[in-house]
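Each chain, written out:
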Amino acid sequence: VESRLRAADGNYRWFLMLGEPLRNAQGSVVRWFGTCTDIEDLKQAEEALKIQEAQLRALTTRLQQVREEERAMVARDLHDQIGQILTAIKMDMTWLARRLPEKKGEAHDRIKKAIELISDGARSMRKICSGLRPGILDDLGLAAAIEWQAGEFASRTGVSCQVSLPQDDLRLDGDLATAIFRIFQESLTNVARHAEAQAVRASLYTQNGNLLLVVVDDGKGFREAEISGSLGLLGMKERAQACGGDLQISSSPGDGTTVTVRVPLHSHAPSVNDHAHSNSR
Ligand SMILES: Nc1ncnc2c1ncn2[C@@H]1O[C@H](COP(=O)(O)OP(=O)(O)OP(=O)(O)O)[C@@H](O)[C@H]1O
Ligand SMILES: [Mg+2]
């Protein structure tokens, strides 16, 4: 039994008490034997650990948010500012090419080459931008972004990637859409890096007020017990938990891997202040 008792110094502390009755021949208790251990320090350490855990979790969530905001900002600035400059240079070059007295010759070739280089630059800039944060996620939403990412994955890896998406508009909160999208990206990265799969099937659907994303591959699978210190899977779980949901991985060697994310729609993620007595922010 754990109980709070007054200690010798007059303060209340937590004690762990263990007792054994000594009975006589008739079975009635004659005496109690037992120990009483002061566990106040242990209790306090447990409490401190719980608070630290909640704070760490909040910090992770915040770091991810900041990272996401920064990526979006860099992508937007790159796209808007550098994009405009490149377009302007290209227009000027084209104008110049038209004004050249002769339509052939070295000057003309060089201008043509420069215009091609500018187009290449614009293309790789767009690629970098969508790598940082796909505009489609903000413009057209999660389902469209997942479809786009599946297509990118298939064309880059040669592994087929079928997606099934909900018919109607999901209208998700931005953080939730981002979390699910990043989890999807990380699942695909894992498939590309480890699974040696032929095909991936992903489905996004709602069920009983939850949003579910299931990603199944037919690759070589793995034993979860043999994974230690891996940050990718941990990050995926953290993201799901930050949205108030959870993430399950089921995999066995030779049998492929299934990642299932479930997050409640229309509910707020637990805040730190629910767990810890923190007054930050
Ligand atoms: N789809 C999969 N198929 C087969 N093995 C997988 C799959 N996903 C994960 N694994 C195994 O689980 C391990 C942990 O994955 P996790 O994403 O956490 O780490 P990682 O991909 O090795 O590194 P990173 O931290 O960069 O993501 C991988 O090293 C791999 O052995
Ligand atoms: Mg990984």
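Remember, predicted model here, so these are calculated numbers, not experimental data.

Glancing now at the overall build of the protein. Scanning the protein for helices and strands turns up 7 helices and 8 strands. Radius of gyration (C-alpha) of the protein: 30 Å, far over the 19 Å computed for a compact globule of 281 residues. Dimensions of the protein, computed from the C-alpha atoms along their principal axes, are close to 120 × 45 × 35 Å. Across the protein, every contact between residues at least 6 apart in sequence was considered, and the portion connecting residues at least 24 apart equals 58%.

Turning to the pattern of salt bridges, a few remarks are in order. Applying the stated rule across the entire model yields 15 salt bridges. Here Asp38 ties to Arg13 by a salt bridge, and the two come within 2.8 Å at their closest N and O atoms. In this pair, Asp38 is assigned in strand β3 (residues 29–38) and Arg13 in strand β2 (residues 12–23), connecting sequence segments 25 residues apart. One network of salt bridges, in which partners are shared, links Glu68, Arg133, Asp138, Arg182 and Arg239.

Moving on to the coordination of the magnesium ion (ligand 2). Protein coordination of the magnesium ion (ligand 2) is provided by Glu186 (OE) and Asn190 (OD1), with donor distances spanning 2.1 to 2.4 Å. Of this pair, Glu186 and Asn190 both sit in helix α5 (residues 174–195), 4 residues apart, which is roughly one turn of that helix. The class for Glu186 is partly exposed, based on a relative accessible area of 23%. What makes Asn190 buried here is its relative accessible area of 18%.

Position of Glu68 relative to the elements: it lies in helix α1 (residues 40–99). By relative accessible area, which is 9% here, Glu68 ends up buried. Excluding residues within four positions of it along the chain, Glu68 makes contact with Arg133, Thr178, Arg182 and Arg239.

Moving on to the packing of aromatic side chains. Under the definition given, this model contains 0 aromatic pairs. The residue whose ring lies beneath Lys43 is Trp14, and the NZ or CZ to ring-centre distance is 4.7 Å.

Moving on, we get to the site of ligand 1. Taken together, 14 residues sit near ligand 1, with Asn190, His194, Asp217, Ser230 and Leu233 positioned nearest. Between an oxygen atom of ligand 1 and a side-chain N or O atom of Asn190, the distance comes to 2.9 Å. Separating a nitrogen atom of ligand 1 from a side-chain N or O atom of Asp217 is a distance of 2.9 Å. Against a free-state accessible area of 600 Å², the protein chains account for coverage of 77% of ligand 1. Of all the secondary structure elements, the ones that give two or more residues to the shell around ligand 1 are α5 and α6 (231–242).

Within the secondary structure layout, Asp109 lies in helix α2 (residues 106–132). For Asp109, a relative accessible area of 48% translates into the label partly exposed. Each C-alpha atom, one on Asp109 and one on Gln198, is 46 Å from the other, the two residues being 89 residues apart in sequence.

Here the focus is the layout of surface pockets. Estimates place the volume of the second largest pocket at around 610 Å³. Put simply, the parts of the chain that give the lining of the second largest pocket at least two residues each are α1, α2, α4 (142–157), α5 and α6. Tallying contributions element by element places α6 first for the lining of the second largest pocket, with 7 residues. A class-by-class count of the residues in the lining of the second largest pocket yields 7 nonpolar, 9 polar and 10 charged.

Our next topic: the packing of α5 against α6. Close contact between α5 and α6 brings their axes to 10 Å; oriented N to C, the two are set at 160 degrees. Classified by the angle their axes make, α5 and α6 are roughly antiparallel. Crossing hand, α5 versus α6: left-handed. Across the interface between the two elements, Ala179, Arg182, Ile183, Glu186, Ser187 and Asn190 from α5 touch Gly232, Leu233, Met236, Arg239 and Ala240 from α6.

A cluster of nonpolar residues, Leu22, Val30 and Phe33, forms a patch on the protein surface that exposes about 280 Å² of accessible area. Among the secondary structure elements, Val30 is positioned in strand β3.

Grouped together as the largest cluster of nonpolar side chains are 36 residues, with contacts concentrated most on Leu142, Ile180 and Val261. Every element with two or more residues in this core is listed here: α4, α5, β5 (199–207), β6 (210–217), α6, β7 (246–251) and β8 (257–264). Considering every element that reaches this core, the biggest residue donor is α5, with 10 residues. Leave out the neighbours within four places in its chain, and Ile180 touches Leu142, Ile146, Leu204, Leu211, Leu213, Val261 and Val263.

Here is what the cut-offs are and how they apply
- Residues numbered from 1 in each chain as written.
- Chains lettered and ligands numbered in written order.
- Predicted model: local features only at pLDDT ≥ 70, side-chain atom pairs only at ≥ 80, totals over all residues.
- Heavy atoms only, no water.
- Helix = DSSP H or I, 4+ residues; strand = E, 2+ residues; numbered from the N terminus.
- Rg over C-alpha atoms; globule rule 2.2 N^0.38 Å.
- Contact = heavy atoms within 4.5 Å.
- Salt bridge = Lys/Arg side-chain N within 4 Å of Asp/Glu carboxyl O.
- Donors = N, O, S within 2.8 Å, 3.2 Å for Na, K, Ca; no water.
- Buried < 20%, exposed > 50% of the residue type's maximum accessible area, 1.4 Å probe, protein only.
- Phe/Tyr/Trp six-rings, centres within 6.5 Å; stacked < 30°, edge-to-face > 60°.
- Lys NZ or Arg CZ within 6 Å of the ring centre and 35° of its normal.
- Near = heavy atom within 4 Å.
- Polar contact = N/O pair within 3.5 Å; in protein donor to acceptor, adjacent residues only side chain to side chain.
- Areas by Shrake-Rupley, 256 points an atom, 1.4 Å probe, with all protein chains shown as cover.
- 1 Å grid on protein atoms, 1.4 Å probe; cavity = no way out; pocket = protein on both sides within 12 Å on 5 of 7 lines; lining within 4 Å.
- Points joined across faces, edges and corners; volume = space filled by probe spheres on them.
- Nonpolar A, V, L, I, M, F, W, Y, C, P; charged D, E, K, R; others polar.
- Axes fitted to C-alpha atoms, helices over the stretch in contact; angles between N-to-C directions.
- Parallel < 35°, antiparallel > 145°, perpendicular 65-115°, else oblique.
- Left-handed = near helix turned anticlockwise from the far one by under 90°.
- Patch = residues over 30% accessible without salt bridge, like charges linked within 9 Å, V, L, I, M, F, W, Y side chains within 5 Å.
- Core = buried A, V, L, I, M, F, W, Y, C linked by side-chain atoms within 4.5 Å.

Remember, this is a structural readout, not a statement about activity or role.
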